[in-house]
Amino acid sequence: MPNFNHGGYGRQLAGQRQILDFSANINPLGMPNKLIANLKKSISDLIYYPDVTYRALRENLGEYYQYDPQKIWVGNGSVELIFNVIETIEAKNALLLAPSFAEYERAFLKNGSQIDRYHLAESNDFKLEINDFISYLKDHQSIDCICLANPNNPTGDLLNKYQLRQLANYCNHHGIWLIIDEAFIDFLDDQRNFSFVQELQDDDSVVIIKSLTKFYAIPGLRLGMALFPNHQFVNTLMENCEPWSVNAFAAGITTDVLADPDFSQATFTWLAAEKAYLEKNLASLKPIKMYPSAVNYYLLSCPEINLYDELLQRDILIRNCDNYHGLTTGYYRIAVKSHSENVQLIEALEKVCGVEN
Ligand SMILES: Cc1ncc(COP(=O)(O)O)c(C=O)c1O
């Protein structure tokens, strides 16, 4: 059994126990009602194979994200597309941020790529400085593919689209593929300045990967998409993909389910309030350092106390980040959850840190 080292295994861990799972960053509002209704309707489609070209789904996604559906491909979660895209690119020398999402490395290693790591500095809150990054690329000319998450996971650091354009231009001119994973970007109230989707041009050597998992709270449904700069890349990738990897439930998702302003607004309202609550309360817990995050999770450091063990004894699961490249023992990631759950987390952390109320 490989060690996948991810968050979100609260249910497996729990057995008979009730575990509060802060290790996976899923929207606590749960699935939108419109989506539940849509899934129920799709039950009757299960007796058919899904359309192997996923035309309707790609059109719906294209309409929602305002991108040419013929330059979109879908996958069984964005992780499948990460593997498919990396397989298609055939990079010799990939560059990854450290820390960042672990599956990029597995995908590159599977394809025999050599991996270099660009270490983000703790002293700079693990922020990526785009000019320094481009300077690094100038000094490492063998790099032919970069895969980064925007916002980054586990740090929550966010690049804006102008910084990404600067990087994309460098990549275009130096034969480098840039993969931008926007798995968490839907949690931003205003994506316009951050998502690269509306920036993507035919001649960019850029692929954007998106996920419906986190925002729509459907880790078990599995639906992700890749947006390509041109048709050639999509066609090559489609030729190499297994058929029907997206199931009929996911394939039946319609534009009105995705574009649900009430659900989006409720999510943004919850997130703003709970981020403020967590930031205020964590700031007063002295042994813990909280790094700035643009989205629905935070990286913490606490070298003095084993927060993972201490919280698990109190039936709270957080993500132990000691196995990320670029992090060591004493780093953790917490999700932003519902108010009552966040209160339980803060109360438990106060006890663990010896704060008396
Ligand atoms: C940055 C990032 N990208 C992609 C994924 C994969 O998401 P999914 O395959 O559920 O779409 C994850 C999951 O944790 C993630 O953190």
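Criteria and thresholds
Residues numbered from 1 in each chain as written. Predicted model: local features only at pLDDT ≥ 70, side-chain atom pairs only at ≥ 80, totals over all residues. Helix = DSSP H or I, 4+ residues; strand = E, 2+ residues; numbered from the N terminus. Expected span 1.5 Å × (residues − 1). Buried ≥ 20, exposed ≤ 12 C-beta atoms within 10 Å, placed from the backbone. Axes fitted to C-alpha atoms, helices over the stretch in contact; angles between N-to-C directions. Parallel < 35°, antiparallel > 145°, perpendicular 65-115°, else oblique. Contact = placed C-beta atoms within 7 Å. Nonpolar A, V, L, I, M, F, W, Y, C, P; charged D, E, K, R; others polar. Pairing = 2+ DSSP bridges. Domains from an automatic or database assignment. Core = buried A, V, L, I, M, F, W, Y, C linked by C-beta atoms within 7 Å. Arc of directions from axis to C-beta.

**Some thoughts on helix H4 (residues 78-89)**
Okay, so step 1: Taking 1.5 Å per residue, twelve residues should reach 16 Å; H4 reaches 16 Å between its end C-alpha atoms and fits that length.
Okay, so step 2: Among the residues of H4, those classed as buried are Ser78, Val79, Glu80, Leu81, Ile82, Asn84, Val85, Ile86, Thr88 and Ile89.
Okay, so step 3: Glu90, located one to two residues past H4, shows a positive phi value of around 55 degrees.

**Digging into the packing of helix H11 (residues 261-283) against helix H13 (residues 339-352)**
A pair of packed helices is characterised by two quantities: the angle between their axes and the separation of those axes.
Okay, so step 1: Contact geometry for H11 and H13: axes closest at 10 Å, N-to-C directions at 10 degrees. Classed by the angle they form, the pair H11 and H13 counts as roughly parallel. Residues Glu274, Tyr277, Leu278 and Asn281 of H11 touch H13, and the partners they reach there are His339, Asn342 and Ile346.
Okay, so step 2: Of the residues belonging to the contact of H11 with H13, the class tally is three nonpolar, three polar and one charged.

**Points about unusual backbone geometry**
A negative phi angle is the norm for most residues apart from glycine, just as the trans form is the norm for most peptide bonds.
Okay, so step 1: Each neighbour pair has its own omega, and for Ala98 with Pro99 the value is 5 degrees, a cis peptide bond.
Okay, so step 2: Residue placement: Pro99 occurs in the loop between strand E3 (93-98) and helix H5 (103-110).
Okay, so step 3: Pro154 follows Asn153 through a cis peptide bond whose omega is 20 degrees.
Okay, so step 4: Residue placement: Pro154 occurs in the loop between strand E5 (145-149) and helix H7 (161-173).
Okay, so step 5: The backbone phi angle of Asp125 is positive, close to 55 degrees, even though this residue is not glycine.
Okay, so step 6: Owing to 16 C-beta atoms within 10 Å, Asp125 belongs among the partly exposed residues under this scheme.

**What about the sheet that holds E3?**
Sheet strands line up and pair through hydrogen bonds in the backbone, either parallel or antiparallel.
Okay, so step 1: Overall, mixed pairing links the seven strands, which are arranged E2-E8-E7-E6-E5-E3-E4 in an open sheet. Two strands close off the open sheet at either side, each with one partner strand: strand E2 (72-75) and strand E4 (114-119). Taking the axes of each pair of neighbouring strands and ignoring which way they run, one obtains an average angle of 20 degrees across the sheet.
Okay, so step 2: Bridging between E3 and E4 involves six bridges; their strand directions are parallel. For Asn93, the partnering residue across the bridge sits in E4 and is Gln114.
Okay, so step 3: Sitting on the sheet, H4 touches E2, E5, strand E6 (177-181), strand E7 (206-211) and strand E8 (224-227), and the angle it makes with E7 is about 165 degrees.

**Re the domain arrangement of the protein**
Okay, so step 1: Entries for the protein in the domain assignment read domain 1 (10-31 + 260-352) and domain 2 (35-258).
Okay, so step 2: Taking only C-alpha atoms into account, the centre of domain 1 sits 25 Å from that of domain 2.
Okay, so step 3: Listed by partner, the interface residues are 27 residues for domain 1 and 25 residues for domain 2.
Okay, so step 4: Put simply, the parts of the chain that give the side of domain 1 that touches domain 2 at least two residues each are H11 and strand E10 (297-301).
Okay, so step 5: When grouped by side-chain class, the residues that make up the side of domain 1 that touches domain 2 number 16 nonpolar, eight polar and three charged.

**Thoughts on the nonpolar core**
Okay, so step 1: Core analysis: the biggest nonpolar cluster contains 100 residues, and Val85, Ile146, Leu178 and Ala226 have the highest contact counts within it.
Okay, so step 2: In terms of residues, this core owes the most to one element, H4, which gives six residues.
Okay, so step 3: There are two domains that each give this core at least three residues, and those are domain 1 (10-31 + 260-352) and domain 2 (35-258).
Okay, so step 4: Setting aside its immediate chain neighbours within four residues, Ala226 contacts Trp73, Gly75, Leu81, Val85, Val207, Ile208 and Ile209.

**Quick word on the packing of helix H6 (residues 130-139) against H7**
Okay, so step 1: Interaxial distance between H6 and H7 falls to 10 Å at its minimum, and their mutual angle equals 10 degrees. Classified by the angle between their axes, H6 and H7 sit roughly parallel to one another. Of H7, the residues touching H6 (which contributes Ile130, Phe133, Ile134 and Leu137) are Gln163, Gln166, Leu167 and Tyr170.

**Here's the deal with the environment of Leu13**
Okay, so step 1: Structurally, the position occupied by Leu13 is in helix H1 (residues 10-14).
Okay, so step 2: The sequence separation of Leu13 and Leu317 amounts to 304 residues, and the corresponding C-alpha distance is 9.2 Å.
Okay, so step 3: The residues contacting Leu13, other than those within four sequence positions of it, are Ile19 and Leu317.

**Brief notes about the pairing of strand E13 (residues 331-335)**
Okay, so step 1: Most of E13 sits out of view: five of its five residues are buried.
Okay, so step 2: Neither face of E13 is exposed, since Tyr331, Arg333 and Ala335 on one face and Tyr332 and Ile334 on the opposite face are all buried.
Okay, so step 3: One ladder, built from five bridges, connects E10 with E13; its direction is antiparallel. Across the sheet, Leu300 pairs through a bridge with Tyr332, a residue of E13.

**Overview of H7**
Okay, so step 1: Compared with the 18 Å implied by 1.5 Å per residue over 13 residues, the 18 Å span of H7 between its first and last C-alpha is a close match.
Okay, so step 2: When we look at burial in H7, the residues that qualify are Leu164, Leu167, Ala168 and Cys171. Seen end-on, H7 carries its buried residues on one side only, within an arc spanning 105 degrees. Summarising the geometry of H7, the exposed residues directed more than 90 degrees from the buried face are Tyr162, Asn169 and His173.

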